[in-house]
Amino acid sequence: MPGSPAGSDALGDAARTLAEAYRRFGEVDAAGTSPLYERVALALGESDEALRAIGTAPARRRHPTVVLAALHDLALAGRAPALAAAYASGDGDAAARAAVDTLLRLTHMVVALAGRRPPRPDETGHGAVLYPSIAEAAHRAGASAVGLIDVGCSAGLDLSVDRVGITYSNGQSLGDPSSPVQLASSIVGDRPVPPRAIPEVVARIGLDRDPLDVTDDDDARWLRACVWPDRPEQAVRLEAEIALAAADPPLLLPGDVLEELPRAFAHVPADALPVVTTAWALPRLSLEARLRFLHRLDAAAAGRPVAWVSAEGVGVAPAIPTLGDRRASGHSILGLALFHGSTLHVEAVGRCWSRGRTLAWSAGSSAPAVRF
């Protein structure tokens, strides 16, 4: 039965810390944006039995985003009908009761899912910043064809970037206006994005330690489970992106992304420009691994030009200028690096907020060529 873990000596310090994490998630992270998850997170954090069940998961898999996604997965799979019904109706009180009941009834399933399935938050909608950056990279390299290599690709949804439609608040549009995936982004400032199209994409390769295959029912369901149940617009967009990717699935290379990167380059035809993309993926790598990543790109450029397009937090992408911005400033820097033989040219081509929902394109802000 629900109790007050903060005052329960039987639960111990670890459980009190866990209870505080769920309370904070409900009152801070979900408050105002997801009434359902606000109620569910608070209910889980107030239940001694629920906290004990969550505590049986590996320590790094007890976070609310992981456990809530696991519960959502079971609801989508038909194993938690009461929870599915509560989510569908938007009934927060019913969802809270059903979530606690599902966790206690199916603890082993929740723990198993949480243990093997990393959360995939905000998987969709990156095209508004990636599209103009990739097109700019191809233009500067004089490329008539590109091979896309997405590092930390998850399900490889960003590898369909050339097949989406994008509308910007200044009236510009890029991509395919008839695509089932239509994105929107607000432009800040008076500088438009370059009106160039991405040239022919001749290879789509995704690198991830544990990629998701959109043609696999379980993998696709986990992607859906990571969307909060009261965000229908995001869920609709995800469905369209899954369908677009499934129509022409990318090549997914599981394993250590640095070890697999040379294999990925080998899959790009010799007459195409390899464009490596990282969209909020580098924080998963240590600083040492990020520097090794740059060395991999540099080595690949010994035989032909290579481009790297990045959308990462300020100071996260090595060698990409920060435009004088401070780290942890709440926005991201769009980086463009061109490797060719002994030359490296790096620029910060813009800033973005909310993972591309707002974009400010810049003049380029060149940094001096560097060698590693």
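This text follows the structure it describes.
Residues numbered from 1 in each chain as written. Predicted model: local features only at pLDDT ≥ 70, side-chain atom pairs only at ≥ 80, totals over all residues. Heavy atoms only, no water.

**Q** An account of the environment of R357 is requested, with residue identities and associated values reported.
**A** By secondary structure assignment, the location of R357 is in the loop between strand 10 (343-353) and strand 11 (358-361). Along the backbone, R357 and P192 are 165 residues apart, and their C-alpha atoms lie at a distance of 15 Å. (Helix = DSSP H or I, 4+ residues; strand = E, 2+ residues; numbered from the N terminus.)

**Q** Run through helix 4 (residues 64-76), naming residues and quoting values.
**A** With 13 residues, helix 4 extends 18 Å from end C-alpha to end C-alpha; this agrees with the ideal 18 Å at 1.5 Å per step. Burial analysis of helix 4 places eleven of its 13 residues in the buried class, which makes it a mostly covered element. Every buried residue of helix 4 is accounted for by P64, V66, V67, L68, A69, A70, L71, H72, D73, L74 and A75. In the segment just after helix 4, G78 is the residue with positive phi, at about 85 degrees. (Expected span 1.5 Å × (residues − 1). Buried < 20%, exposed > 50% of the residue type's maximum accessible area, 1.4 Å probe, protein only.)

**Q** I'd love a proper account of the nonpolar core, names of residues and values included.
**A** One broad trend across soluble globular proteins is that nonpolar side chains are buried collectively. Counting 49 residues, the largest nonpolar core has L44, L71, L83 and L103 as its most contacted members. The residues touching L83, leaving out its near neighbours within four places in the chain, are L71, A75, A95, A98, A99 and T102. Grouped together as the second largest cluster of nonpolar side chains are 38 residues, I134, A138, A311 and W361 included. (Core = buried A, V, L, I, M, F, W, Y, C linked by side-chain atoms within 4.5 Å. Contact = heavy atoms within 4.5 Å.)

**Q** Could you give me a rundown of the packing of aromatic side chains, with the residues and numbers involved?
**A** Applying the stated rule across the entire model yields four aromatic pairs. Here the aromatic rings of Y37 and W228 are separated by 5.4 Å at their centres, their planes lie at 55 degrees, and the arrangement is tilted. You can see Y37 sitting in helix 2 (residues 35-46) and its partner W228 sitting in the loop between helix 9 (217-225) and helix 10 (232-247), a full 191 residues away along the chain. Classification of W228 by relative accessible area gives buried; the value is 15%. (Phe/Tyr/Trp six-rings, centres within 6.5 Å; stacked < 30°, edge-to-face > 60°.)

**Q** Could you give an account of the environment of G152, with specific residues and numbers?
**A** Note on placement: G152 falls in the loop between strand 1 (145-151) and strand 2 (165-168). Sequence separation of G152 and A135 is 17 residues, and the distance between their C-alpha atoms is 21 Å. Those residues in contact with G152 that lie beyond four places of it in its chain are L207, D208, V257, A281 and R284.

**Q** Now, about unusual backbone geometry: what can you tell me, with residues and values included?
**A** Its identity is not glycine, yet A328 carries a phi of approximately 55 degrees, on the positive side. Locating A328 in the fold gives a position in the loop between strand 8 (306-313) and strand 9 (332-340). Among the residues examined, A328 registers a relative accessible area of 82% and is labelled exposed. With phi around 55 degrees, R355 is a residue other than glycine that occupies positive phi space. Relative to the helices and strands, R355 is located in the loop between strand 10 and strand 11. Residue R355 is classed as partly exposed on the basis of its relative accessible area, which comes to 32%.

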